[in-house]
Amino acid sequence: MALLQIAEPGMSAAPHQHRLAVGIDLGTTNSLVATVRSGLAVVLNDENGRSLLPSVVRYTSDSVEVGFPAQQVQAVDPQNTIVSVKRFMGRGLSDIADAGHLPYRFVDEPGMVQIKTVAGVKSPVEISAEILKVLRHRAEKSLGGELVGAVITVPAYFDDAQRQATKDAARLAGLNVLRLLNEPTAAAVAYGLDNGAEGVYAVFDLGGGTFDISILKLSRGVFEVLATNGDSALGGDDFDHRIYCWILEQAGLSGLNHQDTRLLLTHARAAKEALTEHPETRITAVLSSGEMVDLTLSSEIFTDITQSLVKKTLNPTKKALRDAGLSVEEVKGVVMVGGSTRMPIIQQSVGQFFGQEPLNNLDPDKVVALGAAIQANVLAGNRGEDDWLLLDVIPLSLGLETMGGLTEKVIPRNSTIPVARAQEFTTYKDGQTAMSIHVVQGERELVSDCRSLAKFELRGIPPMVAGAARIRVTFQVDADGLLSVTAREQSTGVESSVTVKPSYGLSDEQITQMLQASHEHAKDDMLARALQEARVEGGRLIEAVEAALHEDGHLLKTGEGEAIAAKIALLRTAIAGEDHRRVTQMLESLNHATESFAARRMDASVNKALTGHKLEELEN
Amino acid sequence: MLSIDFSKTHFELFGLKPSFQIDAERLDQTYREIQTQVHPDKFAHLGDQERRMSMQWATYANEAYQVLKNPLSRARYLLHLHGVDTQEERNTAMPADFLMEQMEWREAIMEAKEAQDVDDMEALYHRLRGEVRAQHDELGRLLDEQADYQAASGLVRKLKFMEKLGEEIDNALELMEA
């Protein structure tokens with residue numbers, strides 16, 4: 001690891017070592033990695049100068065291929081070549097509408113579906129991790145060092161299960177997740193900072209498999225998401241599928257084998273892309289039976305067969321505007337994101353709906369990764385000149401199951417995160433000693449229409465008459481949009497809590513096991529990695545504390561500075577040693593020693609933010 | 001240990017006078033300034049303590065901001081500061097003319113629903129918004145000028161009914177558009 005630079009006391013700290021951080025757009029069709037280099041966000045290319053990595057993973061009996069090599073053989077080996085795995089993240093088999101049309105051997109595991117390959121049964125989390133690993137290696141090679149962390153983007157409309165699965169995949173790929181960032185928000189950052197935009201903007205993000213619409217207010221460096229909506233199972237893939245169905249119908253085909261299905265889907269996609277430039281396109285293919293397909297698809301037919309899909313993007317758009325309490329006229333600009341917004345039919349209908357030309361001045365494939373890189377740079381502690389802030393929201397309401405299978409909303413959709421809300425419940429039977437807490441996400445009244453996130457039990461409630469116990473259930477959603485829930489009986493303090501790992505989320509132990517099992521992480525490697533990580537974290541903490549002492553030394557109480565200095569010295573010694581547990585221990589002890597100093601600093605900065613206002617108030 | 005001063009009212013947090021009519025622009029601006037100081041994104045590279053504290057502060061600022069930004073919850077909060085419980089769950093005794101109006105609203109929503117008339121439903125949505133705004137003005141008079149907290153409390157209960165109507169229209173629109 002890099003040596004830490006420590007400034008002489010009293011001298012201004014040397015410019016901080018630039019910490020290597022990246023933004024990753026883990027897309028349905030393609031994935032990208034970007035970073036901020038010399039103050040400029042750039043996408044990192046592979047050794048052949050290509051920026052996009054096709055999100056395709058192929059398993060063979062003894063290797064894993066990711067990207068172009070996997071994409072080339074998808075028609076030859078469709079069962080072991082997984083495309084669009086993002087659609088399966090945090091999803092059960094019953095959630096996947098077109099499972100029957102897909103060439104995979106699905107395994108219906110409780111919660112998240114798995115796929116049987118020649119290399120064994122793989123979960124969408126593991127498959128996504130393969131894509132992320134390739135991007136991580138690309139970044140480390142290109143930047144020449146280990147990454148401090150990464151910002152991974154997710155569709156804004158991803159629910160808790162899908163977000164958790166994405167975070168697990170990143171951890172499995174050995175990445176430190178600085179933040180899960182919503183894709184349209186990332187795009188807004190890249191667009192807004194680039195254009196000095198102010199006012200209300202809509203970000204229309206149609207990717208390969210997901211659709212998001214976000215309404216943001218940009219004002220003096222603050223990006224505030226007012227409302228978001230979307231469909232996490234709608235994207236370019238669906239347009240391909242419509243063409244595919246049209247081909248089958250026109251050519252009178254049915255009961256195709258996996259190779260032919262994949263072949264025609266590939267042709268369908270090529271036809272869709274061709275229609276971006278041309279009024280019509282020819283589709284020719286030779287099936288495995290020798291049968292020929294030769295058809296001409298016109299823009300008119302394409303518009304006709306995909307009309308209902310276009311409508312599916314406009315309804316969430318209306319909803320988002322309504323939630324934001326805004327009308328179409330109040331939207332200053334519409335930023336187009338995602339490769340699928342290249343389709344003329346989308347450009348036209350969005351333009352028509354908003355009554356203005358959509359903004360296409362950023363590369364719709366890259367803008368999300370660039371925004372994520374800018375955010376990663378800030379989160380890693382490389383502060384830029386201009387200070388800006390992101391205020392994002394949760395896309396779907398969070399609630400609990402109550403009597404009769406009804407949902408009681410605890411945190412409504414579009415609440416700004418982080419957010420916490422508590423609600424009190426009571427027992428319905430005399431002498432009831434346990435209560436089952438069922439956490440759900442969604443807008444519908446019936447629990448069965450919402451997504452079940454977790455179930456847990458609060459036990460040990462003292463027997464009382466029905467309605468006497470007071471159980472306080474607290475929901476907390478962090479800045480990644482991830483939920484944790486605590487339940488507590490008020491009179492006795494009996495408590496139970498759960499970080500909502502959806503029933504099928506991976507436990508920490510499972511992730512550790514999977515990391516250990518992979519070739520890349522033999523046991524020695526694990527220890528070395530743990531030490532390395534602890535060292536990096538320790539170094540970061542020392543640097544942070546020293547910067548804090550430098551800035552706000554006057555807030556120290558007598559003796560406090562010395563106590564902190566002693567802990568820093570201990571941590572530094574531990575870092576020089578070989579025991580990762582010792583480093584972690586000293587790190588915690590330094591954290592503890594700075595607790596009240598940190599609190600005073602926080603106070604001081606909040607007061608600073610308020611000073612101006614207090615003076616004004618006196619004048620009133 | 002936590003440095004948030006919970007004895008402060010939400011109004012004090014944002015440097016505002018405790019009244020129903022507020023300077024919304026100043027609320028927005030102060031809220032953003034506070035978040036600029038405390039948001040978890042500003043602390044992501046620091047230690048656990050700081051990260052935890054920042055999360056608590058940002059959560060607190062979000063909550064206080066939401067309470068003040070929404071007129072109904074602002075009125076409820078103001079009444080709470082004056083020691084008046086709005087009793088929305090228990091007190092459902094409403095004046096007869098108000099209940100009559102509610103019935104009419106519901107019938108209108110049902111009709112638009114059955115006719116699958118999106119335009120009609122949207123017109124209802126805008127009419128309701130207009131009426132709610134007028135009631136907010138009345139709430140301001142009751143709270144800020146007449147200090148009639150019992151009457152204000154009654155109006156909060158009415159507005160709660162109207163809020164539910166709004167949700168119904170919203171849901172109906174969603175189903176019709178789907």
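Before any of the text, the structure's been laid out above.
Given the structure is predicted, the values throughout are model-derived calculations rather than measurements.

J.: Talk me through the pattern of salt bridges; I want residue IDs and the actual numbers.
T.: For side chains bearing opposite charge, pairing can occur when the charged atoms are close. Taken as a whole, this structure holds 43 salt bridges over all chains when the rule is applied. The partner of Glu443 of chain A in a salt bridge is Arg413 of chain A, and the shortest N-O contact between them spans 2.9 Å. Here Glu443 of chain A is found in the loop between β23 (435–441) and β24 (451–458), whereas its partner Arg413 of chain A is found in the loop between β21 (406–411) and β22 (419–425), with 30 residues between them in sequence. Considered together, Glu443 of chain A and Arg413 of chain A belong to a single accessibility category, that of buried residues. Of the charged contacts, one joins Arg601 of chain A and Glu50 of chain B as a salt bridge, the two residues approaching to 3.7 Å between their closest N and O atoms. Highlighted residues: Arg601 of chain A in helix α14 (residues 595–619) and Glu50 of chain B in helix α3 (residues 48–69), drawn from two different chains. Per residue, the accessibility class of Arg601 of chain A equals that of Glu50 of chain B, and both read buried. Among the ionic contacts, a cluster of salt bridges with common partners joins Arg322, Asp323, Lys409, Arg413 and Glu443 of chain A together with Asp170 of chain B.

J.: Describe the interface of chain A and chain B, naming the residues involved and giving the relevant values.
T.: Tallying the contact residues gives 53 residues for chain A and 48 residues for chain B. Carbon and sulfur atoms supply 51% of the area buried between chain A and chain B, which totals about 4700 Å² over both sides. Here chain A is connected to chain B by 6 salt bridges. Residue Asp41 of chain B pairs with Arg179 of chain A through a salt bridge whose shortest N-O separation is 2.6 Å. Where chain A touches chain B, the interface holds 12 residue pairs in polar contact (both at pLDDT 80 or more). Those elements that place two or more of their residues in the side of chain A that touches chain B are β14 (211–219), β15 (222–231), α7 (299–324), α9 (367–379), β19 (389–391), β22, α11 (523–552) and α14 of chain A. Its residues placed into classes, the side of chain A that touches chain B shows 20 nonpolar, 12 polar and 21 charged.

J.: Go over unusual backbone geometry, please, and point to the residues and values.
T.: Here Ile417 of chain A and Pro418 of chain A are connected by a cis peptide whose omega angle stands at 0 degrees. Turning to its location among the elements, Pro418 of chain A is positioned in the loop between β21 and β22. The phi angle at Gln87 of chain B is positive, at roughly 50 degrees, despite the residue not being glycine. Of note, Gln87 of chain B is situated in the loop between α4 (71–81) and α5 (96–114). On the accessibility criterion, Gln87 of chain B (30% relative accessible area) is partly exposed.

Cut-off values and rules
Residues numbered from 1 in each chain as written. Chains lettered and ligands numbered in written order. Predicted model: local features only at pLDDT ≥ 70, side-chain atom pairs only at ≥ 80, totals over all residues. Heavy atoms only, no water. Salt bridge = Lys/Arg side-chain N within 4 Å of Asp/Glu carboxyl O. Helix = DSSP H or I, 4+ residues; strand = E, 2+ residues; numbered from the N terminus. Buried < 20%, exposed > 50% of the residue type's maximum accessible area, 1.4 Å probe, protein only. Contact = heavy atoms within 4.5 Å. Buried area = accessible area lost by both parts, 1.4 Å probe. Polar contact = N/O pair within 3.5 Å; in protein donor to acceptor, adjacent residues only side chain to side chain. Nonpolar A, V, L, I, M, F, W, Y, C, P; charged D, E, K, R; others polar.

None of this, on its own, says anything about what the molecule does.
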